[in-house]
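# Reading the structure
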Amino acid sequence: MSAPTDPTPGSRDRQPAPRRSTVRSGVAAEEAAPRRRLAVLGRLGLVVVLLAAVVGTVVLVSQRNQFGRPDAGAEEIPALEVEPAPVQLGTVAQPDALAPPSLGLPGRAPAGGGAPTSLASWAEGIASRVDVPARALQAYGVADLAVKAEEPGCNLSWVTIAGLARIESNHGRYRGASIAGNGDVTPRIIGVPLDGTGGNRTIGDTDRGVLDGDTALDRAVGPLQFIPSTWARWRSDGNGDGVADPNNIDDAALAAGRYLCAGGRDLATGPGWRNAVLSYNYSDEYGRRVYAAADSYASASQG
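The structure reproduced in this document is the subject of the present report. (Residues numbered from 1 in each chain as written. Predicted model: local features only at pLDDT ≥ 70, side-chain atom pairs only at ≥ 80, totals over all residues. Heavy atoms only, no water.)

### With respect to the environment of A177
Tracing the sequence through the fold places A177 in the loop between α4 (158-169) and β1 (178-179). The exposure class assigned to A177 is buried, which follows from its relative accessible area of 6%. Through-space distance from the C-alpha of A177 to that of P187 is 5.4 Å; in sequence the pair is 10 residues apart. With near-sequence residues (within four places) excluded, A177 lies in contact with G172, V185, T186, P187 and I189. (Helix = DSSP H or I, 4+ residues; strand = E, 2+ residues; numbered from the N terminus. Buried < 20%, exposed > 50% of the residue type's maximum accessible area, 1.4 Å probe, protein only. Contact = heavy atoms within 4.5 Å.)

Structure below.
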């Protein structure tokens, strides 16, 4: 809207002033036009910046709700620390990795004699290369071997379990948690309430708060972030202590391996690997983050 020619209050009730030459006013108008355009552009630029800030905030909040506590910074959310791999899911199979030593299992002797390599020694040997705690690697190795014995056609490798664990809890290290010698992760890792926000489904309480401490809504629990209802179906005892606990890395890793192989999936194929991982979290970006982590572990384990 253009400004009035006389800004004095009540000017419309006055007698008009003698008409002046329009030459100078025309020049002034021409000089003022670029300034007005610059002012308009400046205001538009400010609007764009504000909109970008709002969109960025919404995206960050959504990511925080999806991958961790609502009040967590990006540096605290394990998934956001891993860049999605530039791959098309369904076209890439499970990465090849250094296999855990099956001959190191009880009751099996190495060919040609000699001392068997234990899973603990195997894990210690590659822990620094793959940047995964040796105790977690040991759990993934046990799950690898156990599921291969149960479901050989699945072709599960420990790197897929490790990829999931990296995205879900940074191998049981989320917010300073650690893994004890018996595999227990403390303090317990409890996810956000599944109330339908941040890309999550709404899931009402299914365990009376026994696992997650929430009697209103379910929350994912443990280093592999099992929903209580899913744990109730796939609960496993990975360390043979007679207890199936989602907060124990051995139990959680074995349950995750069995869950990934459900329905006759073959993780050595692109579609099989994609279906397995997306059954955990149906998000293409999530799957590509898991693949990035698994692929890095596979490469480093053979280095």
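On we go.
### Considering the side chain of N247
Mapped onto the elements of the fold, N247 is located in the loop between α5 (228-234) and α6 (249-260). When residues no more than four places from it in sequence are discounted, the contact partners of N247 are G183, D184, V185, R188, I189, V221, G222 and P223.

### Side note on the packing of aromatic side chains
Any pair of aromatic rings gets described here by the distance separating the centres and the angle formed by the planes. Summed over the entire model, instances satisfying the criterion amount to 6 aromatic pairs. Arranged with centres 5.8 Å apart and planes meeting at 80°, the rings of Y259 and Y280 form a pair that is edge-to-face. Linking Y259 in helix α6 with Y280 in helix α7 (residues 270-280), this pair joins segments that are 21 residues apart in sequence. In this structure Y259 comes out as buried when scored by relative accessible area, which is 18%. For the ring pair W273 and Y291, a centre distance of 5.5 Å and an interplane angle of 90° mean the geometry is edge-to-face. Linking W273 in helix α7 with Y291 in helix α8 (residues 284-301), this pair joins segments that are 18 residues apart in sequence. Each of the two residues, W273 as well as Y291, counts as buried. Among the aromatic residues, those joined into a ring-pair cluster are F226, W231, W234, Y259 and Y280. (Phe/Tyr/Trp six-rings, centres within 6.5 Å; stacked < 30°, edge-to-face > 60°.)

### Considering the packing of α4 against α7
Between two packed helices, what matters for the description is the angle formed by their axes and the separation of those axes. Between α4 and α7, whose axes approach to 12 Å, the crossing angle comes to 30°. In terms of orientation, α4 lies roughly parallel with respect to α7. For the crossing formed where α4 meets α7, the hand is right-handed. When α4 is examined against α7, the residues T160, L164 and E168 are found in contact with a partner set consisting of W273, V277 and Y280. (Axes fitted to C-alpha atoms, helices over the stretch in contact; angles between N-to-C directions. Parallel < 35°, antiparallel > 145°, perpendicular 65-115°, else oblique. Left-handed = near helix turned anticlockwise from the far one by under 90°.)

### Let's talk about the state of the cysteines
Two cysteines whose sulfur atoms are joined by a covalent bond form what is called a disulfide. Across all of its chains, the model carries 1 disulfide by this definition. Here C154 connects covalently by a disulfide to C261, the sulfurs 1.9 Å from one another. A torsion of -75° about the S-S bond marks the disulfide between C154 and C261 as left-handed. Of this pair, C154 sits in the loop between α3 (134-150) and α4 while C261 sits in the loop between α6 and α7, placing them 107 residues apart in sequence. In this pair, the class of C154 matches that of C261, namely buried. (Disulfide = S-S within 2.5 Å.)

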